[in-house]
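The residues making up each chain are set out below.
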Amino acid sequence: MQKYDIELINISKSFGIVKANSEISLSIAPGEIHALLGENGSGKSTLMNILSGIYTPDEGIIKLDGSEVKFNSPSDSIAAGIGMVHQHFKLVDVMSATENILIGLPGGLFIKPKKATREIQAVADKYGLKIDLSKKVYEMSVSEKQTVEIMKVLYRGARILILDEPTAVLTPQEIVSLFGILRNMKASGCSIIIITHKLNEVMEISDRVTVLHKGRSIKTLVTSETDMTELTTLMVGKPISLEIKRTDAAAELIKPLLEVSDLTVLNADKREVLDNMSFTLSSGEILGVAGIAGSGQKELCETIAGLQRAASGDIIYKGQSIIKMNPRDIIKKGITMSFIPEDRLGMGLVGGMSVIDNVILKKVQMQKGIIVDRKAGKKAAERMIERFGINTPSTHTIVRKLSGGNIQKVLLGREIEMNPELLITAYPVRGLDIGASYNIYDILNEQKSKGVGILFIGEDLDVLLGLCDRIMVIHSGKNMGIVDAKSTTKEKLGLMMLGQRPDDMAS
Amino acid sequence: MDILNSIGLFLQSTVQMGTILLFATLGGILCERVGHLNLGIEGMMLMGAVIGFFTGYHTGSGWAAFIAAAIAGGFGALIYAVITVTFLGNQIVTGLVLSIFGTGFSSFVGLPLSTVTMPQSAMAPFRAFKVPLLSKIPVLGPALFEQSIYVHIGLILAIFMYIYINKTRFGLNLRAIGENPASADASGININLYKYIHIIVGGMLCGLGGAYLTLVYVPLWQDGITSGMGWIAVTLIIFSSWNPIKAIFSAYLFGALRSIGFKLQNIQIPKIGGGTFILNSQLLNMLPYIMTIVVLVIIALRKKREEQPPAWLSLPYFREDR
């Protein structure tokens, strides 16, 4: 019989009426990299939070080296040698890497920072991790923060490592180096569980893969004996094509629409968050924007929408400068923006208000008089629900209660209801499952073929390559160059995201 | 020499007034460092003040009064901790209620105490004493080395607290909880235990701050004796960037503002065009509060990351929240 490091047997967990996990079973062999594959909401994170002691399961058994254990808190799980690298990093920003790693560790009354730093460095060297231990977390890039999280787990001597969507925020080059680290850890005897919904990564790194769907474990397969099509079918529950269909707008619709020249925006500390940025966008075109998170995406969107002031430069929309206009006038000109922040509801929608009210919120700006025309709002909301297939019990349902995909459709749908000529959309598929994502791509393509110009701020390079006509890469507020999406490669985009210009690269 | 002498005396009363604020500020810092905003400082000070006086009056023992005051403040904090830590109640409302409760409680317990005086035996341990040699230093001597042991306890406590927060393992965990409880939790720290301990010890310090008034400074019981100093302490916590060493200086600065009020009252200032203008005590009593407003504006302009409040201040934390 196969020996397992850890076994989860028939685990169930509910949150209120939502069953996040039902009778999931999973077993991890010593020294294997096991991928946990599933769409959002399939219960991957819940399962791993149970394994790391953050949630307690309603039912089911956890076995460690063959004997049953109970994890009542994270410290139990840590003591059992399980370490989790969370998707949303759990680090203290104002502390250094060393301090973060030492949090919660037993030891003498006084901390000896120098000795601790030496010891941590030794562990880092063993696994080939590069890390500046004295750096404060708030000064770190996303990939550095992830390294601290991994170090934290390794320093505690974890032999079973859980990584929750570790590649979601990394550039292709950073992913390569992360995978190198994972292989080192595997070689030294650690077992690794990697949660992801990216199939190519499953194929590349894992030994076995377990597919979850709607809170159930569907199947565990040996990676070398399966392929991407089989995995997709299992994950989505039905066969689905992974191609994004690129549509083209009729030639007569394509006209210059937006011209941004030498745009510079400063933040509160007077640093350039956008640095001399120039680009153009035509109607009937999707211009993608790629870049590491926090490279100026938000500032770019907000400056065009009139929410931030530019220090210098100009924005010409259909031959007229809009740089000095207020957001209200910019909306009237046919420019709309939908920005999906990490918490989804933070910007754009009011979570505690109904679908109708959220629609009215924007429409009311265009209306005369002081009494809100609720009838028109209701009609618009119904039209929107119908058109975009939004799954909501009624137009009066509070937006926060909808699922992520439907919230995003409400946000995007409301903007499209305004009949924009320029649609700015940032991370519209963030956190959505495959089906809902393709739905959003279709909506965007439909708008494009009608002659709407779309500025698409994206994070997944595969999507940017499949959906956009051209891709602009930004790096710390600078435009690194605009490339043709049909002819460029992911590797090239990755290097540009790290600050190289395309003409510097030997191709 | 005469002017040096009066500066010395002024500094002496500054330090005394500052000691009340120092205890309360230290208590507040401890509480806020675990991420709990406690606006009940005024209430806990009053509870400590009245119970301290009550115990001193009845037992005739200064140290028994000292301990009882700490327990009273700690009891107020315990109520706050149960509501905000265990039941995740709103911290701001709970703190305000604690302040109102403490005021009422002290009025009730203090009713028969307003006409009595403290026995000499209870005041004896806290009488000012001269540290040999050091008290001879001009100006600073009387301010720092001719004081009650209570004053020295406050100073030593501040230094210990600084070391505790910044150099020890417990301090590191404590800071992690205030900054990011999810991080502390995932690291296996017993968050609620840490919160309870530090909130309660913080409340004890607030109680001791109030008791300094009724045991040493006045020493009598008057209704509402703290006269809003608990609210100043709430500002001083921010002013000192949650740092106990800086708390010493900010508490003494505000102590100076209050004692300057006493010194300057009834001084006649010649008016332009004849006549005089009397600085009345009401006007001067506003000084610390005006300064509080100024300080809050200055603080709002502060940008350095290390001087920002604990990131999770006043937010509830529930592990299984989604």
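Because the structure is a prediction, the values reported are computed rather than measured.

### Considering the packing of aromatic side chains
Stage number 1. This model, assessed by the stated rule, comprises 12 aromatic pairs over all chains.
Stage number 2. Measuring from centroid to centroid gives 5.1 Å for Phe15 of chain A and Tyr55 of chain A, while their planes differ by 75°, and the two rings are edge-to-face. In this pair, Phe15 of chain A is assigned in strand β1 (residues 6-15) and Tyr55 of chain A in the loop between α1 (44-51) and β4 (59-64), connecting sequence segments 40 residues apart.
Stage number 3. A relative accessible area of 15% means that Phe15 of chain A is categorised as buried.
Stage number 4. Site record: aromatic cluster; members linked through ring pairs are Phe23, Trp63, Phe66, Phe126, Tyr150, Tyr212 and Tyr217 of chain B.
Stage number 5. Here the basic side chain of Lys13 of chain A rests over the ring of Phe15 of chain A, its NZ or CZ set 5.4 Å away from the ring centre.

### So, the sheet that holds β4 of chain A
Residues and elements named next belong to chain A.
Stage number 1. Strand order across the open sheet formed by 4 strands is β2-β1-β4-β5, with antiparallel pairing between neighbours. Since the sheet does not close on itself, it has two edges, and those belong to β2 (18-28) and β5 (67-69), each with one partner. Pairs of neighbouring strands in the sheet enclose a mean axial angle of 30°, with direction left out of account.
Stage number 2. When β4 meets β5, the two strands line up antiparallel, connected through 3 bridges. Looking across to β5, one finds that Leu64 is bridged to Ser67.
Stage number 3. In this fold α1 packs onto β1, β2 and β4, with an angle of close to 115° to the strand it touches most, β1.

### Some thoughts on the side chain of Ser73 of chain A
Stage number 1. Considering the arrangement of structural elements, one finds Ser73 of chain A in the loop between β5 and α2 (74-79).
Stage number 2. Judged by relative accessible area, Ser73 of chain A falls into the buried class, the value being 18%.
Stage number 3. Within the structure, the side chain of Ser73 of chain A is placed 2.8 Å from the side chain of Ser75 of chain A, a separation counted as a polar contact.
Stage number 4. When near neighbours in sequence (up to four residues on either side) are disregarded, Ser73 of chain A contacts Gly53 of chain A together with Arg319 of chain B.

### Notes on empty space enclosed by the protein
Stage number 1. In the structure shown here, the tally under the stated rule is 1 cavity of 30 Å³ or more.
Stage number 2. By volume, the largest cavity amounts to about 190 Å³.
Stage number 3. Lining the largest cavity we find 17 residues, and of these Ile78, Gly83, Met84 and Val153 of chain A together with Ala186 of chain B sit closest to its centre.
Stage number 4. Looking at the lining of the largest cavity residue by residue, the classes come out as 8 nonpolar, 5 polar and 4 charged.

### Some thoughts on the nonpolar core
Stage number 1. Counting 92 residues, the largest nonpolar core has Ile41, Tyr150, Ile199, Leu208 and Trp221 of chain B as its most contacted members.
Stage number 2. Here the element with the most residues in this core is helix α1 (residues 2-33) of chain B; it accounts for 11 residues.
Stage number 3. Once residues within four sequence positions are removed from consideration, Leu208 of chain B is found in contact with Phe23, Phe66, Ala69, Ala70 and Tyr150 of chain B.
Stage number 4. If you look at the next biggest cluster of nonpolar residues, it comprises 91 residues, including Leu91, Ile131, Leu349 and Val355 of chain A.

### Quick look at the interface of chain A and chain B
Stage number 1. Across the boundary between the two partners, chain A contributes 35 residues, which contact 26 residues of chain B.
Stage number 2. A buried area of about 2600 Å², summed over both sides, lies between chain A and chain B, and 56% of it is on carbon and sulfur atoms.
Stage number 3. For the pair chain A and chain B, the number of links is 1 salt bridge.
Stage number 4. In this structure, the salt-bridge partner of Glu99 of chain A is Arg175 of chain B, at a minimum N-O distance of 3.2 Å.
Stage number 5. Counting across the chain A and chain B interface gives 9 residue pairs in polar contact (both at pLDDT 80 or more).
Stage number 6. Elements that contribute at least two residues to the side of chain A that touches chain B include exactly β1, α2 and α3 (97-102) of chain A.
Stage number 7. If one sorts the elements of the side of chain A that touches chain B by residue count, α2 of chain A sits on top with 3 residues.

### So, unusual backbone geometry
Stage number 1. Positive phi, normally seen in glycine, also occurs at Asn10 of chain A, with a value near 50°.
Stage number 2. Positionally, Asn10 of chain A belongs in strand β1.
Stage number 3. Using a relative accessible area of 40% as the deciding quantity, one classes Asn10 of chain A as partly exposed.
Stage number 4. A positive phi angle, close to 50°, is found at Ser241 of chain B, a residue other than glycine.
Stage number 5. With respect to the element layout, Ser241 of chain B can be found in the loop between α11 (229-239) and α12 (244-264).

### Some remarks on the pattern of salt bridges
All names here are of chain A.
Stage number 1. Summed over all chains, the structure comprises 22 salt bridges over all chains.
Stage number 2. Here Arg374 ties to Asp357 by a salt bridge, and the two come within 3.1 Å at their closest N and O atoms. Pair noted here: Arg374 is in helix α12 (residues 374-388) and Asp357 is in helix α11 (residues 355-363), with a separation of 17 residues, a long-range link.
Stage number 3. As a salt-bridge pair, Glu417 and Arg387 come within 3.6 Å of each other at their nearest N and O atoms. In this pair, Glu417 sits in helix α13 (residues 404-417) while Arg387 sits in helix α12, placing the two residues 30 residues apart along the sequence.

### Some thoughts on helix α4 (residues 113-127) of chain A
Residues and elements named next belong to chain A.
Stage number 1. Between the first and last C-alpha of α4 there are 21 Å, a value that for 15 residues agrees with the 21 Å anticipated at 1.5 Å per step.
Stage number 2. Residues of α4 that are buried include every one of Ala116, Ile120, Ala124 and Tyr127, and no others. On an axial view of α4, the arc spanned by its buried residues comes to 75°, and they lie on one face. Exposed side chains of α4 directed beyond 90 degrees from the buried face belong to Lys114, Arg118, Asp125 and Lys126.
Stage number 3. At its buried positions, α4 is contacted by α3, α5 (142-155) and α6 (172-187).

### Looking at the layout of surface pockets
Stage number 1. Its boundaries defined by the atoms lining it, the second largest pocket holds a volume of some 710 Å³.
Stage number 2. Taken together, 29 residues form the lining of the second largest pocket, with Glu99 of chain A together with Arg33, Asn166, Arg175 and Glu306 of chain B sitting closest to its centre.
Stage number 3. Mapped onto the lining of the second largest pocket, the elements with two or more residues apiece are α3 and α4 of chain A together with α7 (149-167), α8 (169-179) and α12 of chain B.
Stage number 4. Split into classes, the residues belonging to the lining of the second largest pocket amount to 11 nonpolar, 7 polar and 11 charged.

### With respect to the confidence of the model for chain A
Stage number 1. The pLDDT averaged across chain A works out to 86; a share of 96% of its residues lies at or above 70.
Stage number 2. Within chain A, strand β16 (residues 335-339) of chain A has the poorest average pLDDT of any element, 73, and α3 of chain A the best, 95.

### Some words on the state of the cysteines
Stage number 1. Across all of its chains, the model carries 0 disulfides over all chains by this definition.
Stage number 2. Cysteine Cys468 of chain A shares no disulfide, and the gap to the nearest cysteine sulfur, in Cys301 of chain A, comes to 13 Å.
Stage number 3. Of all cysteine sulfurs, the one in Cys31 of chain B lies closest to Cys206 of chain B, which takes part in no disulfide; the gap is 7.9 Å.
Stage number 4. Accessibility expressed as a relative area gives 1% for Cys206 of chain B, which makes it buried.

Rules and cut-offs
Residues numbered from 1 in each chain as written. Chains lettered and ligands numbered in written order. Predicted model: local features only at pLDDT ≥ 70, side-chain atom pairs only at ≥ 80, totals over all residues. Heavy atoms only, no water. Phe/Tyr/Trp six-rings, centres within 6.5 Å; stacked < 30°, edge-to-face > 60°. Helix = DSSP H or I, 4+ residues; strand = E, 2+ residues; numbered from the N terminus. Buried < 20%, exposed > 50% of the residue type's maximum accessible area, 1.4 Å probe, protein only. Lys NZ or Arg CZ within 6 Å of the ring centre and 35° of its normal. Pairing = 2+ DSSP bridges. Axes fitted to C-alpha atoms, helices over the stretch in contact; angles between N-to-C directions. Contact = heavy atoms within 4.5 Å. Polar contact = N/O pair within 3.5 Å; in protein donor to acceptor, adjacent residues only side chain to side chain. 1 Å grid on protein atoms, 1.4 Å probe; cavity = no way out; pocket = protein on both sides within 12 Å on 5 of 7 lines; lining within 4 Å. Points joined across faces, edges and corners; volume = space filled by probe spheres on them. Nonpolar A, V, L, I, M, F, W, Y, C, P; charged D, E, K, R; others polar. Core = buried A, V, L, I, M, F, W, Y, C linked by side-chain atoms within 4.5 Å. Buried area = accessible area lost by both parts, 1.4 Å probe. Salt bridge = Lys/Arg side-chain N within 4 Å of Asp/Glu carboxyl O. Expected span 1.5 Å × (residues − 1). Arc of directions from axis to C-beta. pLDDT = per-residue confidence, 0-100. Disulfide = S-S within 2.5 Å.

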